[in-house]
Amino acid sequence: MSIEKRPDPDELLAQIREQESAEQRGRLRIYFGSSAGVGKTFAMLQAARKLQADGLDVLAGVVVTHGRSETQALLDGLPVLPLRELEYRGRKLPEFDLDGVLERRPALVLVDELAHANAPGSRHPKRWQDVEELLSRGINVYSTLNVQHLESLNDVVGGITGVRVQETLPDTFFDRADEVVMVDTPADELLARLAAGKVYMGPQAQRAAQNFFRKGNLMALRELALRRTADRVEDDVQAWRSNQRVAQVWKTEAAILCAIGPSPAAESVLRSAAQLAQQLNVSWHAVYVETPALRRLPDAQRDRILRVVRLAHELGAQTAVLNAQDLTPALLAYAREHNLSKLVLGRSQPAPAWRRWLGSLPWQQRLAEEGPELDLITVAAAPLQPARRTQASEQLAQEHEERELQWQRLAGRYGLAALACAATALLSWPLQLAFDQSNIVMLFLLTVVGVALRLGRGPAVLASFVSVGLFDFFFVQPRLSFAVSDVQYLLTFAVMLAVGLIIGQLTAGLRYQAQLSTEREARSRSLFELTSDLAGALQTEAVLQVAETALAEEVHGEALLYVLDLKDALRPSPRQDSLAAGEQPDAGTARWALDHGQAAGLSTDTLAGSAWFYLPLQAPMRTRGVLALKPKSSRSLMLPELRAQLETYARIIGQALERVHYVEVAQEALVHIEGERLRNSLLSALSHDLRTPLAGLYGLAQTLDRTPELPPQARELSAALQQQAQRISAMVNNLLDMARLQSGAVRLNRQWQPIEEVVGTALQSLQPALSSHQLQLQIPPGLPLLHLDAALMERVLGNLLENALKYTPSGSTLSISAELAPAAGQLKLRVSDNGPGLPPGREEQLFAKFSRGERESSTPGVGLGLAICRAIVQAHGGEIHAENRPEGGACFVISLPLGEPPELPLDEALE
């Protein structure tokens, strides 16, 4: 008979709050399919039309029909929300109008293509984030999704189809959907729809049939979609069972539970369970129930059991170590909680004759009677191979030695129990004149309780029998004899023995539960203290100190942290220097654990001979470092509960390091922004204040040059003065332009211009200086018009040509070329020379403000020309980069977006 477990009040309150929050939130239904064309949008529109006919306010927010007539026919008659146009790189892109839906507030809105990436300038970068905001405002949403857009399956689908999908949806959002409707179409039928033009039209359908829409791809995607939907349905069933507190196992999935026992055959049983799970293609669990009797096993035998538990984890099982008084109820409770219908057990030895005589049932038979809904599978242990038999013999010999030591300790405990009873009899002997025999019995029962508390269950049983014997021998007539003068004392002895045994068992059980509760409380307290201390840590050094101190106490050994710096180098803890050279952890092993995201070192399959255990510090965004531990006992790392505790520690520390990292990044960004603002203000002020005296200086030099009686030497000084004034004026103009670009004061006057005119105007402005160099133009005719600010783009070309003139000797060749890159939708403009080239490795650094091509260059300038070029090009939505030519010299490449120029009127086109 099963006893109903009372619900936890905290869980009930949390469930009530969750239900209240769900009532205020909109509901999300996802129509899920294996690929395009299976009918997701069609099914969504059918459901929406039915709800509209029932009087529900339905709004089509964004529905993509791909030109399919049947889908368009269902859309007709539904109110459609106009799309919002966003301008991006000279083009207007239609996007979902989130604010329009929030203003209208329909009861249901249709949002097609849930994984769609919004255009730049939208409130959210992804459409599913728009849907999340709608749901939070209480608006119900219907949407569609293909399996290849799930984040967890992105790599799998890419490996099958050869096509890597860029628009993905987090699995967590998919799992939070209130409903998932699977829309399924067989591969042959989908290919027939594609051939009939019901999926894509014209050339697009041909390309799809040759690449993505192959029968093998479609079959594999269909299997992935069905499996993912089945997982989702299984989660829904489990959630409903939990909410309704259903204790019975439902055989909705043939999941397996393997019971790990203390016998040497446990490993063989475990492998059989793994093979069965693989054959059935189902998930499986492996559980070891540690009872008080198993807890007293020799350390070598417990280590062997824990190795079997770790093997189960390596074979893909979900493992757990349960602490319980009795094996059978613990296994039944775990199977029912996780809805596991098949229980794999090892074949047990026949029960001893005395247990059969007492009517004690084997635990397998108790499982069958108390869990009739479970399928019990008994597995025979495989015979050991010679090598394995030798290893097992060595382990058994070690266990035998430890068992002898344990028996010696056990004999001491039983001896103490007997001595306690003798001491009670000795103390009670003078009290029998003042107290009744019933009170003497209470003293013996109190002794049994004390023995059970201090020494355990077995000594308490011995104390019960010894107490009855001593009471009979010393306190019942005739004294100093086991003879009984009154038959009623037999009942007294029986009751006393029964009460002693029951009290001893209950007290020993409470002692065991108290030990478990103390251990759990200690683990919870250490987690709470670590979390509290890390919450106040604002620097990486403080996080290291708090974490290393807490973990060293937890493992009773050494703890060190490796943390990533800003250059992704693994930096060891400062405490590492305090360890001896041979005692320090290995940085290479720590790096392996970081790169692979897996534990390594002690008690793992990777570098198991190491004395240190390495665990990556996982954080929400990325892995932040590695935790290195050197415990006092390696056995502690085999315990699943301690391993889980350490993984929890690692996640908490990783989150703390990530929080501190972003605090430091935010502080650096704030300092950088403030420095840029001050520098731009200073540049602007200096530029304005210098332009007036420079103009006066240049005018005075010109006036002096026009004086007829000026000596030749003075005239030369006047010309040099004018040249230097012009050079300084150009530098000041660069400073002023940089300040204006940084402040956003520049407004582009964009017109559709031919690139030939822009290049020609820039060359004309530099005509005198270009006379000492050779010039090559490679601009093909018929290039499309570009939407740009001609004056600013001429400035870009002028700066690049001036740089080439400065850093190349006379007679060098300068080249300007242009070519189309239709795949990228860009026009590439190259300005190159055959001079000494760029400093290797500093190509990108040249575009920084106040950066020069050569650190000790005698060429005049302040290093702002290339920075201005990049700012102007980026303002046009383009890119610019520098590179060295293979044949020698430098090359600057400008990539500008093509856009769609307007069509000319017919009369202008004919002129």
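### Things to note about the overall build of the protein
If you tally the helices and strands in the protein, you get 29 helices and 24 strands. Across the protein, contacts joining residues at least 24 apart in sequence account for 70% of those joining residues at least 6 apart. As displayed, the protein has an accessible area near 49100 Å², and 55% of this comes from carbon and sulfur atoms.

### Let's talk about the sheet that holds strand β5 (residues 108–111)
Sheet strands associate in pairs through backbone hydrogen bonding, adopting either a parallel or an antiparallel arrangement. The strand order across the open sheet built from five strands is β2-β5-β6-β1-β7, with neighbouring strands paired in parallel fashion. Edge positions in the open sheet fall to β2 (58–62) and β7 (179–182), since each of these has one partner strand only. Going across the sheet, the axis of each strand differs from the next one's by a mean of 20°, ignoring polarity. Pairing of β2 with β5 involves four bridges; the strand directions are parallel. Paired with Ala-60 across the strands is Leu-110, a residue of β5. Strand contacts of helix α5 (residues 127–136): β1 (28–33), β2, β5 and β6 (140–146), with the helix running at about 175° to β5, the strand carrying the most contacts.

### Description of the confidence of the model for the protein
Residues of the protein with pLDDT of at least 70 account for 81%, and the chain-wide mean is 79. No element of the protein has a lower mean pLDDT than helix α29 (residues 906–910), which averages 40, and none a higher one than β5, which averages 94. pLDDT under 50 marks residues 904–911. Its contacts with residues more than four places away, or in other chains, come to one contact.

### Quick look at the sheet that holds strand β24 (residues 890–897)
One open sheet accounts for five strands, arranged β19-β21-β22-β24-β23; its pairing is mixed. With partners counted over all chains shown, the strands left at the sheet margins are β19 (774–778) and β23 (879–884), one partner each. Averaged over all pairs of adjacent strands, the angle between strand axes in this sheet comes to 15°, irrespective of strand direction. When strand β22 (residues 826–833) meets β24, the two strands line up antiparallel, connected through seven bridges.

### What about the packing of helix α27 (residues 790–807) against helix α28 (residues 865–875)?
Axis separation between α27 and α28 bottoms out at 9 Å; the angle between their running directions is 150°. Relative to α28, α27 is oriented roughly antiparallel. Regarding α27 and α28, the two cross each other, and that crossing is left-handed. Here α27 contributes Leu-792, Arg-795, Val-796, Asn-799, Leu-800 and Asn-803 to the contact with α28, which in turn contributes Gly-865, Leu-866, Ile-868, Cys-869, Ile-872 and Val-873. Taken together, the residues of the contact of α27 with α28 sort by class into eight nonpolar, three polar and one charged.

### As for the pattern of salt bridges
Throughout the structure, instances matching the rule amount to 27 salt bridges. Residue Arg-104 pairs with Asp-57 through a salt bridge whose shortest N-O separation is 3.3 Å. Remark: Asp-57 occurs in the loop between α2 (40–53) and β2 and Arg-104 occurs in helix α4 (residues 98–104); sequence separation between them is 47 residues. Glu-223 is the partner of Arg-227 in a salt bridge, and the nearest nitrogen-oxygen pair spans 3.1 Å. Residue Arg-227 and its partner Glu-223 are located together in helix α10 (residues 215–244), separated by four residues, close to a single helical turn. Taking relative accessible area as the criterion, Arg-227 reaches 42% and is therefore assigned partly exposed. With relative accessibility at 42%, the residue Glu-223 sits in the partly exposed group.

### A short note on the packing of aromatic side chains
Each aromatic ring pair is summarised here by two numbers: the centre-to-centre distance and the angle between the ring planes. Overall, the coordinates contain 11 aromatic pairs when judged by the stated rule. The interplanar angle of 50° and the centroid separation of 5.2 Å between the aromatic rings of Trp-128 and Phe-173 together place this pair among those described as tilted. Separated by 45 residues along the polypeptide, Trp-128 in helix α5 and Phe-173 in helix α7 (residues 171–175) bring together distant segments of the chain. Taking the relative accessible area as the measure of exposure, Trp-128 reaches 16% and is therefore buried. Classification of Phe-173 by relative accessible area gives buried; the value is 2%. Geometrically, the ring pair formed by Phe-473 and Phe-474 is edge-to-face, given 5.0 Å between the ring centres and 80° between the ring planes.

### Regarding helix α21 (residues 540–555)
Across its 16 residues, α21 extends 22 Å between first and last C-alpha, which sits within 8% of the 22 Å expected from 1.5 Å per residue. Looking at α21, one finds that the buried residues are Thr-540, Val-543, Leu-544, Ala-547, Glu-548, Leu-551 and Val-555. Buried residues of α21, seen end-on, are gathered within an arc of 115° and therefore sit on one face of the element. Of the exposed residues in α21, those oriented more than 90 degrees away from the buried face are Gln-545 and Glu-553. Remark: His-556 follows α21 within two positions and exhibits a positive phi of approximately 55°.

### Some words on the packing of helix α14 (residues 327–337) against helix α16 (residues 363–370)
The interhelical angle for the contact between α14 and α16, taken along N-to-C directions, is 45°, at an axis separation of 9 Å. Relative to α16, the element α14 is oriented oblique. The chirality of how α14 crosses α16 is right-handed. Together, Leu-327, Thr-328, Pro-329, Leu-331, Leu-332 and Arg-336 of α14 and Trp-363, Arg-366, Leu-367 and Glu-370 of α16 make up the contact between the two elements.

### As for the pairing of β1
Counting buried positions over the six residues of β1 gives six, a clear majority of the element. The alternating pattern of β1 places Leu-28, Ile-30 and Phe-32 and Arg-29, Tyr-31 and Gly-33 on opposite faces, both of which are buried. As judged from the six bridges shared by β1 and β6, these two strands associate in the parallel manner. When the sheet's bridge partners are listed, Gly-33 is paired in β6 with Asn-146.

Analysis parameters
- Residues numbered from 1 in each chain as written.
- Predicted model: local features only at pLDDT ≥ 70, side-chain atom pairs only at ≥ 80, totals over all residues.
- Heavy atoms only, no water.
- Helix = DSSP H or I, 4+ residues; strand = E, 2+ residues; numbered from the N terminus.
- Contact = heavy atoms within 4.5 Å.
- Areas by Shrake-Rupley, 256 points an atom, 1.4 Å probe, with all protein chains shown as cover.
- Pairing = 2+ DSSP bridges.
- Axes fitted to C-alpha atoms, helices over the stretch in contact; angles between N-to-C directions.
- pLDDT = per-residue confidence, 0-100.
- Parallel < 35°, antiparallel > 145°, perpendicular 65-115°, else oblique.
- Left-handed = near helix turned anticlockwise from the far one by under 90°.
- Nonpolar A, V, L, I, M, F, W, Y, C, P; charged D, E, K, R; others polar.
- Salt bridge = Lys/Arg side-chain N within 4 Å of Asp/Glu carboxyl O.
- Buried < 20%, exposed > 50% of the residue type's maximum accessible area, 1.4 Å probe, protein only.
- Phe/Tyr/Trp six-rings, centres within 6.5 Å; stacked < 30°, edge-to-face > 60°.
- Expected span 1.5 Å × (residues − 1).
- Arc of directions from axis to C-beta.

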